[in-house]
Amino acid sequence: MKQLLVFGLLFALIFGCKNEDALESEIAKVKTDFIVERFDLAFANAKPQDLTNLKNTFPFLFSKRIPDSIWLEQMVDTFQLELNSAVKLKHSDISEIESDVRNLFKHLKFYEPTFQEPRVITLTNFVKYRNKVAVTDSIVLVALDNYLGADHEFYANIPQYIVDNMTTSQVVVDLATAYSEQRIFQLQKKTLLDEMIYFGKQLYFKDIMIPFKSDAEKIGYSETQLGFARANEEMIWTHFVENEMLFDTDNDLPARFIADAPFSKFYLEIDNETPGRLGQYIGWQIVRAYMKNNDVPLNKMMQTEASEIFNKSNYKPPK
């Protein structure tokens, strides 16, 4: 009987992988039409007499409230020149970024046939790492000075847990996050569970739209951090349940378990071993369970309230 069960599980796994491969083969056939426009290089190479042409080509990057004199000063600003050099050195070849974005767009077009490729424009933004990308229906902006690598000197005063994700491979992950935020709807985020499900939706959206990225990359963990989350999933869930945190509206809880942080705050000896955002990780597993146990389209799930997702997920952490 045990052998039959093992065989059945292997068969299901192989069959599931073949279905996923077939789906990805179909998605690969989707046509995309876009180029990555290098405003960062255009601005770095521009002379004062080129400013008018830049403004005509990229009008949305130039506020009418900012006089030309400011832009001309920026062309020779010392830090701007350093940024230009660093970005040129690191991102002289953006084929990896372009390939990742193309794959993201193929998935978006497959699941959302009305999706139209926007203009994709790279620039610099003085390492404003909280605004690395911006997404609208018609424009995508990527600030390449935020993706120079975790050991770059520009990031010396930025917390390490943030710097760890300032790498080229995270560009498409950040774009997928931005696209997910446009599609998520919840009436409220009052409880810890509300927050967990919100970010669980984000991460599940990445499962579908960027399956070519690893789970660690999707959530912004190292493989070691992801291994901790997986190995301790039951412990984390038990802690939330036994301490009646799920439906608690204490504003301190999202700061401890949802927000970007060097570690999660259980107020236990284990804290220093934990990655941050473990509440997001558990929310991800709840949404995965919900989608596995319910025949629901992605777009509907993104609009479904947290309580319904939780109640219908039948989530149980692995023992």
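The structure reproduced in this document is the subject of the present report. (Residues numbered from 1 in each chain as written. Predicted model: local features only at pLDDT ≥ 70, side-chain atom pairs only at ≥ 80, totals over all residues. Heavy atoms only, no water.)

1. Things to note about the environment of Asp137
Step number 1: Among the secondary structure elements, Asp137 is positioned in the loop between strand 3 (133–135) and strand 4 (139–143).
Step number 2: Residues Asp137 and Glu117 lie 20 residues apart in sequence; the distance between their C-alpha atoms is 8.1 Å.
Step number 3: Excluding anything up to four places from it in sequence, Asp137 contacts Gln116 and Pro118. (Helix = DSSP H or I, 4+ residues; strand = E, 2+ residues; numbered from the N terminus. Contact = heavy atoms within 4.5 Å.)

2. Notes on the sheet that holds strand 3
Step number 1: Spatially, 1-2-4-3 is the arrangement adopted by the four strands of the open sheet, whose pairing is mixed. Taken across any chain shown, the strands that pair with only one partner, and hence form the sheet edges, are strand 1 (36–38) and strand 3. Averaged over all pairs of adjacent strands, the angle between their axes in this sheet comes to 20°, without regard to strand direction. (Pairing = 2+ DSSP bridges. Axes fitted to C-alpha atoms, helices over the stretch in contact; angles between N-to-C directions.)

3. As for the nonpolar core
Step number 1: The biggest cluster of nonpolar side chains holds 79 residues, and the ones touching the most others in it are Leu104, Phe240, Ile286 and Met301.
Step number 2: It is helix 9 (residues 192–209) that provides the largest number of residues to this core, a total of 11 residues.
Step number 3: Excluding anything up to four places from it in sequence, Leu104 contacts Val172, Leu175, Ala176, Tyr179, Met209, Ile210 and Phe212.
Step number 4: Counting 14 residues, the second-largest nonpolar core is a separate cluster that includes Ala46, Leu54, Ile121 and Leu123. (Core = buried A, V, L, I, M, F, W, Y, C linked by side-chain atoms within 4.5 Å. Buried < 20%, exposed > 50% of the residue type's maximum accessible area, 1.4 Å probe, protein only.)

4. As for the pattern of salt bridges
Step number 1: Counting across every chain of the model gives 18 salt bridges.
Step number 2: Note that Arg288 is salt-bridged to Asp207, the shortest N-O span being 2.9 Å. Here the residue Arg288 occupies a position in helix 14 (residues 278–293), and Asp207 occupies one in helix 9, the gap between them amounting to 81 residues.
Step number 3: For Lys312, the salt bridge identified is with Glu308, shortest N-O distance 3.2 Å. On the criterion of helical spacing, the pair formed by Lys312 and Glu308 is a turn pair, its members being four residues apart in helix 16 (residues 306–313). (Salt bridge = Lys/Arg side-chain N within 4 Å of Asp/Glu carboxyl O.)

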